[in-house]
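Survey of secondary and tertiary structure
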Amino acid sequence: MTDERKTALIIGAGIGGLSLAMRLQAAGFDTTIVEALDQAGGRATVRRQDGFVFDMGPTVLTVPHFIEELFALERDEPMLDAPDFPAEILPKTAHATELRIREGISGGPRTSEYVTIRPILPFYRIYFDDGTYFDYDGDPESTRRQIEAIEPDDLDGYERFHVDARAIFERGFLELGYTYFGDAWTMLKVAPDLFKLDAVRSLFSFTSRYFKSDKLRQVFSFETLLVGGNPLRVPAIYAMIHFVEKTWGIHFAMGGTGALVQGMTRKYQDLGGRIRYDASVDEILVEGRAARGVRLHTGEELRADLVVSNADYATTYMKLIDKKHRTWNPDWKVKMMRYSMSLVVIYFGFEKREGETLDLQHHNIILGPRYEELLTDIFDRKLLSDDFSQYLHIPTLTDPSLAPEGHHAAYTLIPVPHNGSGLDWSEIGEAFVDKVLTMLDEEGFIPGLRERIVTQSHITPDHFEGRMQSYLGNAFGVEPRLEHSAFFRPHNRSEDITNLYLVGASAQPGAGTPSVMMSAKMTARAIVEDHGLQVDKVDTPELRLGDVAAK
Ligand SMILES: Cc1cc2nc3c(=O)[nH]c(=O)nc-3n(C[C@H](O)[C@H](O)[C@H](O)COP(=O)(O)OP(=O)(O)OC[C@H]3O[C@@H](n4cnc5c(N)ncnc54)[C@H](O)[C@@H]3O)c2cc1C
């Protein structure tokens, strides 16, 4: 061991903050996470209510290999140089993934020491406004059958979409996914390829080239909403999500995503990391243009060799760092960025009925009558429309332990404008929630729901603005758009302040659980480049990152 290890403070125990802290512990740093809340997880915290367990945020897990990588870490074994996508995780044949999914294999041996992860089929059931639905499960045959039933002419388009989306996935995710765009040159080098793949036009316009049917255009573009992206505005590089899901499936942590967070917290502590709860940071202490520590809301000051913020980008710069230290990220620039939409999420428990089989799946997307217009209301006009689309999650279809005997636990999530809308949720929230639950009941998704509900609560954009400390109550950080991509997305290594780093949804590469895990690896690499590995083996070539010497 080196005599004195460098110390790192991480603001926030979201999945990104935790992943980074685990990686820094493995790279030999002594880390402490300071978390404002009384539990870890951030967006992925858990609400326990009347015997029900509700995941408050992410429910769809993809790329189980990223999770396995974290659980495989050991103190002083950083594994930052290992291939990001080793050959064994790439399916060898078209059916290999499907077989793995059907056999119920998720994650890997190290994951299962901490949490059990299971694949989910179908990935999503997507309900259209006319009551018909599409079960998307990544199986090309069943996909073709369902496309044919909707619009036979689109079968040919699907084959072409498949080829082109695969090319985007291979270049954009497998080859470039971990590229840190810290300078414009790195971006310029890859830009021609992205133009060639047509990956810069909007995703919706991209899918519209292949599908005539409105329904199929929606099926192949809605997924970006789960990471805060407007399908009308996100670049088509996000078509890779379709392939990420197809390649590695969709998974669920038994006990809920909260069980994954608990497992990650335990692993982090096993690696020797420390975590302090109820420790909201008021200020990042900067001396001589370098981050030296943080001041908590109690006035207590903690010092470290480096500081990483897992908090919202706008909050980090505008609230936690004095203006005088910011030239690259002044208030005007931070305010000019566009922030993702927000959400209303309703958590509810309801009675099962004798002999009833719900005509629903674990993950249900219930699309409203309008698509493009509704998205424009939410993202651009910032209006709360009369109609809405929602994602209905019923985890007890997979894991009954999340509700008391004879009950289901569910949540439904509705994209709404962020608080730049001026809507007063304390006034309109209850009525909106009532409207959504009545719709689920009266349109027969959960017949008789109003009489069957035994527990209910909800969050609005105010939750994200207040409890999550997110600017304008955004739910997913900086909106993924072409102008906020790559070099133009907030940098994981602060340009203003030495020894300050960002990790998580607002930083590169973006929001969503796999992306914030990638963000953690990218930020860990930047930190190791700047500070060296804090382990004895620092001079062993295979442990060195690039040819940057340890300081
Ligand atoms: C309802 C919902 C559903 C979602 N569903 C999915 C899904 O199914 N699949 C998927 O991949 N993604 C999903 N996402 C997105 C995904 O959850 C997020 O992108 C990801 O969890 C963000 O992780 P993070 O580490 O960036 O930050 P966060 O989870 O935002 O964590 C940041 C942490 O920082 C703490 N913090 C903030 N300010 C301070 C401060 N001043 N002092 C101390 N601590 C502070 C916060 O308390 C929080 O714990 C969903 C998001 C939401 C909201």
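Residues numbered from 1 in each chain as written. Predicted model: local features only at pLDDT ≥ 70, side-chain atom pairs only at ≥ 80, totals over all residues.

1. A look at the overall build of the chain
From N to C terminus, the chain includes 18 helices and 19 strands. Its C-alpha radius of gyration of 23 Å places the chain within 12% of the 24 Å reference for a compact globule of 551 residues. A principal-axis box enclosing the C-alpha atoms of the chain has dimensions of 65 × 50 × 45 Å. For the chain, the residues scored as buried account for 54% of the 551 residues in total. Put simply, 72% of the contacts in the chain that link residues at least 6 apart link residues at least 24 apart. (Helix = DSSP H or I, 4+ residues; strand = E, 2+ residues; numbered from the N terminus. Rg over C-alpha atoms; globule rule 2.2 N^0.38 Å. Buried ≥ 20, exposed ≤ 12 C-beta atoms within 10 Å, placed from the backbone. Contact = placed C-beta atoms within 7 Å.)

2. Observations concerning the sheet that holds strand S15 (residues 363–366)
Working definition: the strands of a sheet are paired by backbone hydrogen bonds and lie parallel or antiparallel to each other. The 7 strands are arranged S7-S6-S15-S16-S17-S14-S18 in an open sheet whose pairing can be described as mixed. The sheet terminates laterally at strand S7 (133–136) and strand S18 (453–459), the two strands that pair on one side only. Mean inter-strand twist for the sheet, computed between neighbouring axes without regard to direction, equals 15 degrees. Bridge count for strand S16 (residues 390–393) against strand S17 (residues 407–416) is 3 bridges, and the pairing is antiparallel. By the bridge assignment, Tyr391 is partnered in S17 with Leu413. (Pairing = 2+ DSSP bridges. Axes fitted to C-alpha atoms, helices over the stretch in contact; angles between N-to-C directions.)

3. Things to note about the site of the ligand
The immediate surroundings of the ligand are formed by 38 residues, with Gly12, Gly14, Gly16, Gly42 and Gly504 found nearest. Secondary structure elements with two or more residues in the shell around the ligand: helix H1 (15–26), strand S14 (342–351) and helix H18 (513–531). For the shell around the ligand, the residue count by class is 22 nonpolar, 14 polar and 2 charged. Inspection of the shell around the ligand shows a minimum of three residues originating in each of domain 1 (7–86 + 254–337 + 479–543) and domain 3 (342–466). (Near = placed C-beta within 6 Å. Nonpolar A, V, L, I, M, F, W, Y, C, P; charged D, E, K, R; others polar. Domains from an automatic or database assignment.)

4. Digging into the sheet that holds strand S11 (residues 290–296)
Strand order in the open sheet made by the 3 strands is S10-S11-S12, with antiparallel pairing throughout. In this open sheet, the two edge strands, each paired with only one partner strand, are strand S10 (281–287) and strand S12 (301–303). Within this sheet the neighbouring strands show an average axis-to-axis angle of 30 degrees, counted without direction. Sheet analysis places S10 next to S11, joined by 6 bridges and oriented antiparallel. Its bridge partner being in S11, Ile284 is matched across the sheet by Val294.

5. Quick word on the environment of Tyr501
Mapped onto the elements, Tyr501 comes out in strand S19 (residues 500–502). Residues Tyr501 and Asn310, spaced 191 residues apart in sequence, show a C-alpha to C-alpha distance of 8.8 Å. If we ignore the near neighbours within four places in the chain, the residues touching Tyr501 are Leu306, Val308, Asn492, Arg493, Ser494, Thr523, Ala526 and Ile527.

6. Topic: the nonpolar core
One finds Met240 and Val307 to be the most contacted residues of the largest nonpolar core, which totals 163 residues. If you tally residues by element for this core, the top one is H18, at 9 residues. (Core = buried A, V, L, I, M, F, W, Y, C linked by C-beta atoms within 7 Å.)

7. With respect to unusual backbone geometry
Along the chain, Leu121 connects to Pro122 via a cis peptide bond; the corresponding omega equals -10 degrees. Turning to its location among the elements, Pro122 is positioned in the loop between strand S5 (117–119) and strand S6 (124–127). Here Gln508 and Pro509 are connected by a cis peptide whose omega angle stands at 5 degrees. As for its placement among the helices and strands, Pro509 is situated in the loop between S19 and H18. Positive phi outside glycine occurs at Asp198, with the angle close to 60 degrees. Considering the arrangement of structural elements, one finds Asp198 in the loop between helix H7 (184–196) and helix H8 (203–210).

8. With respect to the pairing of strand S1 (residues 7–11)
Burial of S1 is extensive: 4 of the 5 residues sit out of reach of the surface. Taken together, the 5 bridges between S1 and strand S2 (residues 30–34) define a ladder with parallel strand orientation. Each residue of the ladder has a partner; that of Ala8, found in S2, is Thr31. Note that the unit made of S1, H1 and S2 has a crossover that is right-handed. In this sheet, strand S13 (residues 306–309) lies alongside S1 in parallel orientation, the contact comprising 4 bridges. Residue Leu9 lies in a different strand from S13, and its bridge partner there is Val307. (Right-handed = clockwise from strand over helix to strand, strands pointing away.)

9. Quick word on the pairing of S11
A loop of 2 residues connects S10 with S11, the two strands running antiparallel in sequence, and Gly288 in this loop sits at a positive phi of about 55 degrees. Both S11 and S12 contribute to a ladder of 3 bridges, which runs antiparallel. Across the sheet, residue Arg295 finds its bridge partner in S12, namely Glu301. Linking S11 to S12, which pair antiparallel, is a turn of 4 residues; within it Gly299 sits at a positive phi near 95 degrees.

10. Some points on the domain arrangement of the chain
The domain boundaries assigned to the chain delineate domain 1 (7–86 + 254–337 + 479–543), domain 2 (138–247) and domain 3 (342–466). Here domain 1 and domain 2 have C-alpha centroids that lie 28 Å from each other. Counting from both sides, the interface comprises 25 residues of domain 1 and, opposite them, 20 residues of domain 2. Residues belonging to the side of domain 1 that touches domain 2 are distributed by class as follows: 12 nonpolar, 8 polar and 5 charged.

11. With respect to the confidence of the model for the chain
Scored by pLDDT, the chain comes out at a mean of 93, with 94% of its residues at no less than 70. Confidence drops under a pLDDT of 50 for residues 538–551, and excluding neighbours within four residues, the segment shows 20 contacts in the predicted structure. (pLDDT = per-residue confidence, 0-100.)

12. Remarks on H1
For H1, spanning 12 residues, the distance from its first C-alpha to its last is 17 Å, which sits close to the expected 16 Å at 1.5 Å a residue. For H1, a buried count of 12 out of 12 residues is recorded, marking the element as mostly surrounded by other parts of the structure. Taken as a whole, H1 has its buried residues at Ile15, Gly16, Gly17, Leu18, Ser19, Leu20, Ala21, Met22, Arg23, Leu24, Gln25 and Ala26. Looking at the buried side of H1, the elements it contacts are S1, S2, helix H2 (64–71), helix H11 (257–270), S13 and H18. Of the residues one or two after H1, Gly28 is the one with positive phi, at around 95 degrees. (Expected span 1.5 Å × (residues − 1).)

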